[in-house]
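# Residue-level structural notes
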Amino acid sequence: MIRKKKFTLSTTQIILLSFLVTILIGSGLLALPISSASGKAVPYLDALFTATTSTCVTGLVTLPTVSTWSVFGQIVILLLIQIGGLGIITIMSGLMLLLNRKMGISDHLLIQDAFNLNTMSGLAKFVKNVLLATLIIEGIGAILYMIVFIPEFGAKGIWISVFNSVSAFCNAGIDIIAENSLCNYVTNPLINIVTSSLIILGGLGYVVWWDVLRVFKSRTQKKRKIFRHLTLHSKIAITVTAGLIFVGAILIFIFEYANPLTIGNMSLFDKIQVSFFQSITTRTAGFATIPQENLTNASATVSIILMLIGGSPVGTAGGMKTVTVAVLICSAFATIRNKNSATLFGRRISDSSEKKAVAVAVTFMIICSISTLLLMSTSNVPVLDAIYETVSATATVGLSRNLTATLNALGKFIIIVTMYLGRVGPISLAVAFGSKNKNQNVISEPTEDISIG
């Protein structure tokens, strides 16, 4: 008797499908008349676009969030943002722990792949800490927002504060304040600082948080040597994040200094805070305090580069990730200097890490390139605007040069697919649907040198 082979999904495929199912359920709910502020159902394609941008924590919208959706619709969007930021696997695992259900090996594997971790040790505690820390940080953010929003909006300011805090921490960039994002608060220090802090904390990643706390607890007498005792991952994430924020802010400050459409007519202090916010929000957050279409070409290019890099791994941010880019640059310089291996902070980077970095970067650039070409072939849009849109979608940023709302049906579908691919991760797609060759290490193909460069 021949046994039929049981069909099973890999952990990565389950993660991909979980996002897809969440998007489809969310789009169905948003397509209901009760989700619309007018009581009339929105077109399904726009509901699907909104569900995708929320679940993929991107922030690009075809319809104004504040005026299109009812309170019910906004609640659906907020839940999708929270699920997308943490991941459906994390939330389901949290519910299992809350109900005192024991997690099996398959559950541990799902969590490990969902957060791209290198170990299965202490995953239950990791999930608990992630959920608790997320709740605390989002709660603090909401309370600080209320200082501004309650006096301005009354009781509604509480809901706006909660929504904005979750959206900022999850790097979603969707708000229910106005149709021009945070442009009305461009010079408000509290809104700038709170939003930027939530974006950075979400973008740094949970692993970095725990590592910093670990060193703080173990090095109480030697505070000056904290950085030295961090893991290589944390050192890279913190250093690259800080460097990109400051360099990006300086360049934007220079390129926009005399631009009357952005910061040209502002005071020096306001120019500085707006430049920093623009540098931070391009790291996959998507909130805007200045119209992106008014940026100079130089600033738009800087923003595109920052969007491509994105945040750090094991967090709520998107992009190729800071660690990936750092590994690629160090690997390139090691090759130029004829060194056998790349090193960072006195540590050798493993060959597998270099290969993963190359795979992520190449796949990421392929998605961006194909999306840009398809968008330009189906819509008559300027090159810079098209690149800005597709990079923003792939890196799950959400910034747009006023293009998203003008897209035709095919253009919207292209961006929907791009946002999904960008959120689940290019390397996840390769692992999930790549062929598994059990004998790949048995017979090796012959080696031959080729000319490079």
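These notes cover the structure that comes with them.

How each quantity is defined
Residues numbered from 1 in each chain as written. Predicted model: local features only at pLDDT ≥ 70, side-chain atom pairs only at ≥ 80, totals over all residues. Heavy atoms only, no water. Helix = DSSP H or I, 4+ residues; strand = E, 2+ residues; numbered from the N terminus. Buried < 20%, exposed > 50% of the residue type's maximum accessible area, 1.4 Å probe, protein only. Contact = heavy atoms within 4.5 Å. Areas by Shrake-Rupley, 256 points an atom, 1.4 Å probe, with all protein chains shown as cover. Core = buried A, V, L, I, M, F, W, Y, C linked by side-chain atoms within 4.5 Å. Salt bridge = Lys/Arg side-chain N within 4 Å of Asp/Glu carboxyl O. Polar contact = N/O pair within 3.5 Å; in protein donor to acceptor, adjacent residues only side chain to side chain. Expected span 1.5 Å × (residues − 1).

## Some remarks on the overall build of the protein
If you tally the helices and strands in the protein, you get 18 helices and two strands. Counting all 453 residues of the protein, 52% fall into the buried class. Of the contacts formed within the protein by residues at least 6 apart in sequence, a portion of 70% connects residues at least 24 apart. Entry remark: accessible area of the protein is about 22,200 Å², with carbon and sulfur atoms responsible for 65%.

## Some remarks on the nonpolar core
Membership of the largest hydrophobic core comes to 64 residues, with the highest contact counts inside it found for L30, I81, F149 and I415. No other element matches helix α7 (residues 123-153), which puts seven residues into this core. Leave out the neighbours within four places in its chain, and I415 touches F49, L60, L375, E389, T390, A393 and L407. Counting residues in hydrophobic clusters, the runner-up holds 26 residues, among them A288, L308, F364 and L399.

## What to know about the pattern of salt bridges
Summed over all chains, the structure comprises four salt bridges. K412 is paired through a salt bridge with D46; the nearest N and O atoms lie 2.9 Å apart. A residue pair is termed long-range when its members are at least 10 positions apart, and K412 in helix α17 (residues 409-424) and D46 in helix α2 (residues 44-55) qualify at 366 residues. A single burial state applies to K412 and to D46, both of which are buried.

## Overview of the side chain of S36
In this fold, S36 is placed in the loop between α1 (11-30) and α2. One polar contact links S36 to S38, side chain to side chain, over a distance of 3.0 Å. At 2.9 Å, the side chain of S36 forms a polar contact with the backbone oxygen of K40. Discounting residues that sit within four places of it in the chain, S36 has contacts with V42, T68, W69 and S70.

## Some details on helix α16 (residues 383-394)
Taking 1.5 Å of rise per residue, twelve residues should cover 16 Å, and α16 covers 16 Å from first to last C-alpha, within 8% of that figure. The buried fraction of α16 is high, at nine of twelve residues. By the burial criterion, the buried members of α16 are D385, A386, Y388, E389, T390, V391, S392, A393 and T394. Structurally, α16 contributes buried residues whose contacts are with α12 (268-281), α13 (297-309), α15 (351-378) and α17. Once α16 ends, the next one or two residues include T396, with phi positive near 50°.

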